[in-house]
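Observations on chain architecture
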Amino acid sequence: MLSRAGTGLGTLGLASVLSDAGLLAAAPAAIAPGRNPLAPKSTHFPARAKRIIHLFMNGGPSHVDTFDYKPSLEKYNGQKPPTSATKTERVTGSTLMMSPFKFARHGRCGLNVSEIFPNVAKCADDLCVINSMHTNIPNHEPSLLMMTCGDNQPIRPSMGSWLLYGLGAENQNLPGFVVFCPGKPVVGPQLWANSFLPGIFQGAHINNSSLDPKSVIPHLHNGSLTRAAQREQLDLLKQLNEMHLAQRSGDNPLEARIQSLEMAFRMQFEAQDVFDLSKETQSTRDLYGKGQFGEACLLSRRLLERGVRMVQIFTGGGQPWDDHGDATAHAAKAKLVDQPIAALLTDLKRTGMLDDTLVLWGGEFGRTPTAQGAKGRDHHSQGFTVWLAGGGVKGGMTYGATDEFGIAAVEKRTHVHDLHATMLHLMGLDHEKLTYRYGGRDFRLTDVHGKVAKGIFT
Amino acid sequence: MDHLGAFLGHFHPVLVHLPIGILLLLGALELAGLLSRARAFAWLPALTGGQRTLILALGACSSIIVAALGWLLAHGGDYDSALVHRHQLLGICAACACLAALAVHRWGSLYALALASSLALVVMAGHAGGKITHGSDYLTSRMPPALARVLGIAPPPEARKAAVGFERAVVFADAVGPILRDRCASCHGPAKGNGGLRLDSWELLSKGGKHGPVIKPGDLAASPLVLRIDLPSDAKEHMPPRGKPQLSDDELTVLEWWVGAGAPRDGAVAGLDLPPIVAGILEERLGGEATPPPDRAATLAQAARVAGELGIIVRPLSPVGPWIEVNARPAGRAFGDRELGLLAPVAPAIRWLDLGGTSVTDDGLAALAAMHGLERLHLDQTRIADPGLVRLSSLRQMEYLNLRGTAVTDAGMGALRALPRLRSLYLWQTAVTPAASRALGEALVDKRRIARWKSEQAELGRRIGAERFEGNTGESLNLDTKPAEAAAAGPASPPKVN
């Protein structure tokens, strides 16, 4: 009965969406009550990927210690860069420091991967490594916002919210955008905020420090009422709420609240099931390993296969990859995520989901190829590395390059805006047409920038 | 001498436009001079005697030179002799008329007659030359049918290609002949017949050229026709010659299959045991029983109704075009054979279909036969088994098939060989053995094309230089390269001049 209620709402929305399919750019500013804003929508062009999982290495992993091998750092270890044109923008270090980790070639493509990612390295032929990333500011807050919301300033909608706005959700009983973070990252909930988009597009934060399916989303279980009685109560409440809303048209938070009440009711049916990891076989659980990140990865697969549009997994609360004092500390962080990431790629591949699931790995920026103090590295925004896998990107390739010391992106430079434009393109959306009118002008995820990196498409 | 002759002869098509231009300009100037006698056109210039002599002399000289070059070209090339003869005759007459005009240009009426006839002859000779190079129907082949009817010209014989469709196509006439006609017959056809070879009919092809037969039915290695097309595009012997339109990979695959199969002429394509790759290409080229694409508005209206009824997701794949994606997964086990049958009104428009986790059965998959356009199909975690796979064999466009967690076995893999475009197949949690899936892969892969692609990649790699080709890892940059070394390597071995 409950699942029928959910799909009934979905199909209600479908008819209205089909009637204006292709008019995405002219999406209405306020969503009329009774119309489901999460109904699946038509794309601008055929999509290569249907869902995204963002493995967010918050804190900023060092590119030259992970996926951007620079032999010249060994040769010039402890010296100033011989070419004077390139300087890191933070003044903390001036002498180059070689990576404390060994690199080796992996896969048929011969990708150079650091020894701290032994399991991910086995998936080298599935990775599309973008070595030429750059962003604007070498500080966490603006760069985290840039990576998640496409602007250094706060109060912009996150990428997941934009995707829900543009594409809708395929499962009406679960939130369409789920964020796993044990605790709170720097900046906090603004990183998955809907901002000026309707509130229903906000990311649902799951604190994965303890993942008991009964308590992971609080108040899911109603001990005192049968479902039918709950439904009756909620229907009455909804009527009252809509009368209330009718007097206050365009009240965004109020709309969001009404819609999230509805979703909370539908979720108690499916959420307990999706968060119950005991339903996975032991071999699958072993594949992902123990730990918060591994469990979040496995849950993500369960969410994605049920039609969730985007999942974002933070390495941890705070800024775990922020190793100013000692670059070798990266090894411990990599150990937390290496096996789960490889397991996720393997699992997506064997279930056939990798074909239309886009995986993004990376931090908000890189770290300086020069030393900070004796053996640490500072923030670095002129050149860093992310990788993509699955959903319409070529595996086993590197795209772009930094200079020979890994200081600045020089070849096929790819700004975070370009990455966003490319990812939206893979999802079937034209980043210039996915707009929302607010405060008197049209906003985009990519602001007024963004070039689609077509060279990485299959 | 022959070489020099051939070399000079090839300047004919370039220089031939010189006398044509000079004579037409002279005609225009003389006309202007005539008109300028009338008061209304007094502003027009008239030629002086000296100018006329100079222009005529230039025209006459160039036409004699061009005629001589033309003779050299005809001598060395394999052209249709009747066409060449006519062109030669007209060309020589035009040159003579031009000389005559020069001789008599001081006698008004005689000169007018000579100039008019040389102009007429130049136009006729030019047209005859055009026929040799571009084919006899070069002016009319693209003429709109309406205009052709008015002028009483028979419309060009339409290739049968579009009309027949895969089911009724005949091997040479419809599958192979059009490829040779498009790509080869401009030089090896009625107009030219280079190397004494014509490829515009099965009989002429089997006769071969002046160097012997071009195919040995059933033996690719002894068939210069396919061997020479297969050569790297910059090889001297490669056909078609550089700069001419080349055969696509698909066309070459068809040609290779045809020669390998014994170069048959008659018989229906559909009746032969085609490898899946060739079947796929030919179906695409020849087209099926022409089914018009479904109508977008009607499809979407139907889709909305069906989706509402069944609790499933139906979404257009793009803002234009009728193609849709149907996702029955949200309905789960409640979606079965009866529900699948209800998709019939929108079946031809379905490109992506997700039946994962539903309760469809082998028999129910009979409904998929109407979904000719299906490209992606999820059947994972259903009760589908081997008999169901047989029902997929008519889905020629299928590229992605997910059978994870079903009851299919090795025995069912044979049926999938009928899917020429299949690229991704998921078999995790089934009883299918790696050997069986590998065998299926081998059957579906065009090995010759991969070998060709690999050799091209290797060649490309060699030319670009290995270090750049493997991607920029930073290793190629070496700051220590001493400029002295490079300088020493330079002048030490001056290029030899032969």
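Residues numbered from 1 in each chain as written. Chains lettered and ligands numbered in written order. Predicted model: local features only at pLDDT ≥ 70, side-chain atom pairs only at ≥ 80, totals over all residues.

**A few points about the overall build of chain B**
Regarding its fold elements, chain B presents 21 helices and 6 strands. In chain B, which comprises 498 residues, the share counted as buried stands at 33%. Restricting to contacts in chain B with at least 6 residues of sequence separation, those with at least 24 account for 61%. (Helix = DSSP H or I, 4+ residues; strand = E, 2+ residues; numbered from the N terminus. Buried ≥ 20, exposed ≤ 12 C-beta atoms within 10 Å, placed from the backbone. Contact = placed C-beta atoms within 7 Å.)

**Section: the overall build of chain A**
For chain A, the count of helices and strands is 11 helices and 17 strands. Residues counted as buried form 57% of the 458 residues belonging to chain A. Long-range contacts, defined here as pairs at least 24 residues apart, represent 76% of the contacts in chain A between residues at least 6 apart.

**Details of unusual backbone geometry**
The phi torsion of most residues other than glycine is negative, and most of the peptide bonds are trans. All names here are of chain B. Of the consecutive residues Met239 and Pro240, the connecting peptide bond is found in the cis state with omega at -10 degrees. For Pro240, the location among the structural elements is in the loop between α11 (224–230) and α12 (249–260). Phi is positive for Ala263, close to 50 degrees, though the residue is something other than glycine. Mapped onto the elements of the fold, Ala263 is located in the loop between α12 and α13 (276–286). With a phi close to 55 degrees, Gln381 is a non-glycine residue in the positive phi region. Along the chain, the position of Gln381 falls in the loop between β4 (376–378) and α16 (386–390).

**Topic: the confidence of the model for chain B**
Residues and elements named next belong to chain B. This prediction gives chain B a mean pLDDT of 82; 88% of its residues lie at or above 70. Between the elements of chain B, mean pLDDT differs from a low of 39, seen in helix α21 (residues 483–492), to a high of 96, seen in β4. Here residues 469–498 scores under 50 on pLDDT; set against residues more than four positions off or in separate chains, the count is 18 contacts. Predicted complex, confidence summary: ipTM 0.81, pTM 0.70. (pLDDT = per-residue confidence, 0-100.)

**Some words on the packing of helix α3 (residues 17–35) of chain B against helix α6 (residues 108–134) of chain B**
Residue and element names in this part refer to chain B. At their nearest, the axes of α3 and α6 sit 10 Å apart, and the two run at 140 degrees to each other. Relative to α6, the element α3 is oriented oblique. Remark: the crossing between α3 and α6 carries left-handed chirality. Judged by residue contacts, Ile20, Leu23, Gly27 and Glu30 of α3 engage Leu115, Ser118, Leu119, Val122 and Gly126 from α6. Residue composition of the contact of α3 with α6, by class: 5 nonpolar, 3 polar and 1 charged. (Axes fitted to C-alpha atoms, helices over the stretch in contact; angles between N-to-C directions. Parallel < 35°, antiparallel > 145°, perpendicular 65-115°, else oblique. Left-handed = near helix turned anticlockwise from the far one by under 90°. Nonpolar A, V, L, I, M, F, W, Y, C, P; charged D, E, K, R; others polar.)

**Section: helix α6 (residues 227–246) of chain A**
With 20 residues, α6(A) ought to run about 28 Å at 1.5 Å a step, and its terminal C-alpha atoms sit 28 Å apart, in line with that. Here α6(A) lies mainly on the outside; 0 of its 20 residues are buried. (Expected span 1.5 Å × (residues − 1).)

**A few points about the pairing of strand β3 (residues 350–354) of chain B**
Residue and element names in this part refer to chain B. Counting buried positions over the 5 residues of β3 gives 4, a clear majority of the element. Inspection of the sheet shows β3 paired to β4 by 3 bridges, in the parallel sense. Pairing of Asp354 across the sheet is with His378, part of β4. (Pairing = 2+ DSSP bridges.)

**Quick notes on the packing of helix α9 (residues 171–183) of chain B against α12(B)**
All names here are of chain B. Interaxial distance between α9 and α12 falls to 10 Å at its minimum, and their mutual angle equals 125 degrees. Classified by the angle their axes make, α9 and α12 are oblique. Our pair here, α9 against α12, has a crossing hand that is left-handed. Packed against α9, whose contacting residues are Ala175, Val176, Ile179 and Arg183, the element α12 presents Glu251, Val254, Leu255 and Trp258 at the interface. Classifying every residue of the contact of α9 with α12 gives 6 nonpolar, no polar and 2 charged.

**Considering the nonpolar core**
Core analysis: the biggest nonpolar cluster contains 111 residues, and Cys128(A), Trp387(A) and Leu388(A) have the highest contact counts within it. Ranked by residues supplied to this core, first place goes to helix α10 (residues 330–350) of chain A with 8 residues. Core analysis: the second largest hydrophobic core is formed by 48 residues, Ile324(B), Leu365(B), Ile384(B) and Leu403(B) among them. (Core = buried A, V, L, I, M, F, W, Y, C linked by C-beta atoms within 7 Å.)

**A closer look at α12(B)**
Residues and elements named next belong to chain B. With 12 residues, α12 should reach 16 Å at 1.5 Å per residue; the first-to-last C-alpha distance of 16 Å fits that figure. Taken as a whole, α12 has its buried residues at Thr253, Val254, Leu255, Glu256, Trp257, Trp258 and Val259. Here the buried face of α12 lies against α9, α11, α13 and α19 (447–464). Just beyond α12, the residue with positive phi is Gly262, at close to 95 degrees.

**Brief notes about the sheet that holds strand β6 (residues 424–426) of chain B**
Residues and elements named next belong to chain B. Taken together, the 6 strands give an open sheet; going across it, the order is β1-β2-β3-β4-β5-β6, and neighbouring strands pair in mixed fashion. The sheet is open, and its two edges are formed by β1 (313–316) and β6, each paired on a single side. Strand after strand, the sheet turns through a mean of 10 degrees between neighbouring axes, direction not considered. Note that β1 and strand β2 (residues 324–327) share 4 bridges and pair antiparallel. Paired with Pro316 across the bridge in β2 is Ile324. Packed onto the sheet, helix α14 (residues 296–310) meets β1 and β2 and runs at close to 165 degrees relative to β1.

**Considerations on the pairing of strand β1 (residues 51–56) of chain A**
Residue and element names in this part refer to chain A. In terms of burial, β1 is a largely internal element, 6 of the 6 residues being buried. Burial along β1 is two-sided: Arg51, Ile53 and Leu55 facing one way and Ile52, His54 and Phe56 facing the other are all buried. Looking at chain direction, β1 and strand β8 (residues 357–362) are connected through 6 bridges and run parallel. Bridge assignment links Leu55 to a residue of β8, and that residue is Trp361. Pairing of β1 with strand β7 (residues 310–314) involves 5 bridges; the strand directions are parallel. Its bridge partner lying in β7, Ile53 is registered against Val311.

**As for the environment of Asp418(A)**
Residue and element names in this part refer to chain A. With respect to the element layout, Asp418 can be found in helix α11 (residues 416–426). C-beta crowding within 10 Å serves as the criterion here: with 23 such atoms nearby, Asp418 is assigned to the buried category. Sequence separation between Asp418 and Met133 is 285 residues; the distance between their C-alpha atoms is 9.0 Å. Each residue touching Asp418, except ones within four places of it in the same chain, is listed here: Gly450, Lys451 and Ala453.

**Topic: the environment of Ala349(B)**
Within the secondary structure, Ala349(B) sits in the loop between α15 (337–341) and β3. If we skip the residues at most four places from it in the chain, Ala349(B) touches Pro294(B), Thr299(B), Pro322(B), Trp323(B) and Ile324(B).

**Comments concerning the confidence of the model for chain A**
Residues and elements named next belong to chain A. Confidence in the prediction of chain A, expressed as mean pLDDT, is 87, and 89% of residues score 70 or more. Averaged pLDDT values for the elements of chain A fall to 38 in helix α1 (residues 2–19) and rise to 98 in β8. With pLDDT under 50 throughout, residues 1–34 is counted as low confidence; its partners more than four residues away or in other chains account for 59 contacts.

**Focus: the environment of Asn208(A)**
All names here are of chain A. Topologically, Asn208 is positioned in the loop between β6 (204–206) and α6. For Asn208, a count of 22 C-beta atoms within 10 Å translates into the label buried. In the structure, Asn208 is positioned 105 residues away from Ile313 in sequence and 9.5 Å away in space, judged by C-alpha atoms. The contact partners of Asn208, leaving out residues within four places of it in the chain, are Phe180, Pro182, Gln292, Glu295 and Ala296.

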